[in-house]
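Listed here are the chains, written in short residue letters.
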Amino acid sequence: MEKSLYERLGSAEGIKKLANDIAENHLKNDLIKTRFEIIEDLDAVKNLVFEFICAGTGGPQAYTGKGMLGAHKGMNISEEEFIAVIDDILKAMDENNLGEREKNEMLAIGYSLKDEIIRV
Ligand code: HEM
């Protein structure tokens, strides 16, 4: 049977590393780092992003966080900031030697969420 995106991302171990690297890239990204520097419990947010990616790509994990609208409501996130987050995701995927197909699939998932995140 065809492997799920979850498996192609390296299952729980691969996605744990990916979620961590995405957050680390955000902290180095001048366009958005202040958004992430002020988070009190970054490990908890990293874990929710881990669960979100797992649950959204075919993994067995349950996502226990807020919906994307609720999570980002009132933050007034701009289009530029949204693209910066997408760029950091793709950069982290490059750093973890993930393929073009996997990057395109993650890009499509990310893009599909834009109306729940930008200026909500
Ligand atoms: C496809 C794009 C994105 C996805 C999949 C995503 C996913 C998530 C998830 C799963 C959470 C945890 C939700 C919870 O607390 O229950 C979260 C929180 C957060 N997101 Fe996003 N996010 C995206 C874009 C953005 C953007 C563009 C920004 C701003 C530059 C941003 C800033 C934040 C912040 C600051 C939090 C933590 C809020 C807090 O608890 O203090 N996110 N995001």
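The shown structure was predicted, so the numbers you read here are calculated from the model rather than taken from an experiment.

Caption draft 1: Region of interest: the layout of surface pockets. Empty space within the largest pocket amounts to approximately 1100 Å³. Residue lining of the largest pocket: 36 residues in total, with Phe36, Val45, Val49, Met68 and His72 positioned closest to the centre. Only α2 (11-28), α3 (33-37), α4 (42-57), α5 (68-72), α6 (79-95) and α7 (100-112) provide two or more residues apiece to the lining of the largest pocket. Among the elements that make up the lining of the largest pocket, the one with the highest residue count is α4 (nine residues). Taken together, the residues of the lining of the largest pocket sort by class into 26 nonpolar, six polar and four charged.

Caption draft 2: Examining the coordination of the iron atom of the ligand more closely. Just one protein atom coordinates the iron atom of the ligand, and that atom is His72 (NE2), at 2.1 Å. For His72, the location among the structural elements is in helix α5.

Caption draft 3: A look at the environment of His26. Note on placement: His26 falls in helix α2. In this structure the C-alpha to C-alpha distance between His26 and Lys46, which are 20 residues apart in sequence, comes to 11 Å. Residues in contact with His26, not counting those within four places in the same chain, are Ile32, Lys33, Phe36, Val85 and Asp88.

Caption draft 4: Fine view of α2. When the terminal C-alpha atoms of α2 are compared, their 26 Å separation across 18 residues agrees well with the 26 Å that a helix rising 1.5 Å per residue should span. Among the residues of α2, those classed as buried are Ile15, Leu18, Ala19, Asp21, Ile22, Ala23, Asn25 and His26. Looking at the buried side of α2, the elements it contacts are α1 (5-8), α3, α4, α6 and α7.

Caption draft 5: Structural detail: the packing of aromatic side chains. Within the structure shown, the criterion is met by one aromatic pair. Pairing Phe52 with Tyr63 gives two aromatic rings, centres 5.1 Å apart and planes at 75°, and the pair type is edge-to-face. In this pair, Phe52 sits in helix α4 while Tyr63 sits in the loop between α4 and α5, placing the two residues 11 residues apart along the sequence. Tyr63 gets classed as partly exposed once you look at its relative accessible area, which sits at 28%. The ring of Phe50 has Lys16 sitting right over it, with the charged end atom 4.1 Å from the ring centre.

Caption draft 6: Representation of the site of the ligand. Surveying the vicinity of the ligand reveals 21 residues, the closest of which are Tyr63, Lys66, His72, Ile77 and Val85. Here an oxygen atom of the ligand and a backbone polar atom of Lys66 are 2.8 Å apart. Taking His72, its side chain carries an N or O atom lying 2.9 Å from a nitrogen atom of the ligand. Among the detected pockets, the ligand sits in the largest pocket. When contributions to the shell around the ligand are tallied by element, the ones reaching two or more residues are α3, α4, α5 and α6. Class assignment for the residues of the shell around the ligand results in 15 nonpolar, three polar and three charged.

Parameters at a glance
Residues numbered from 1 in each chain as written. Predicted model: local features only at pLDDT ≥ 70, side-chain atom pairs only at ≥ 80, totals over all residues. Heavy atoms only, no water. 1 Å grid on protein atoms, 1.4 Å probe; cavity = no way out; pocket = protein on both sides within 12 Å on 5 of 7 lines; lining within 4 Å. Points joined across faces, edges and corners; volume = space filled by probe spheres on them. Helix = DSSP H or I, 4+ residues; strand = E, 2+ residues; numbered from the N terminus. Nonpolar A, V, L, I, M, F, W, Y, C, P; charged D, E, K, R; others polar. Donors = N, O, S within 2.8 Å, 3.2 Å for Na, K, Ca; no water. Contact = heavy atoms within 4.5 Å. Expected span 1.5 Å × (residues − 1). Buried < 20%, exposed > 50% of the residue type's maximum accessible area, 1.4 Å probe, protein only. Phe/Tyr/Trp six-rings, centres within 6.5 Å; stacked < 30°, edge-to-face > 60°. Lys NZ or Arg CZ within 6 Å of the ring centre and 35° of its normal. Near = heavy atom within 4 Å. Polar contact = N/O pair within 3.5 Å; in protein donor to acceptor, adjacent residues only side chain to side chain. Sits in = over half its atoms within 2 Å of the grid points.

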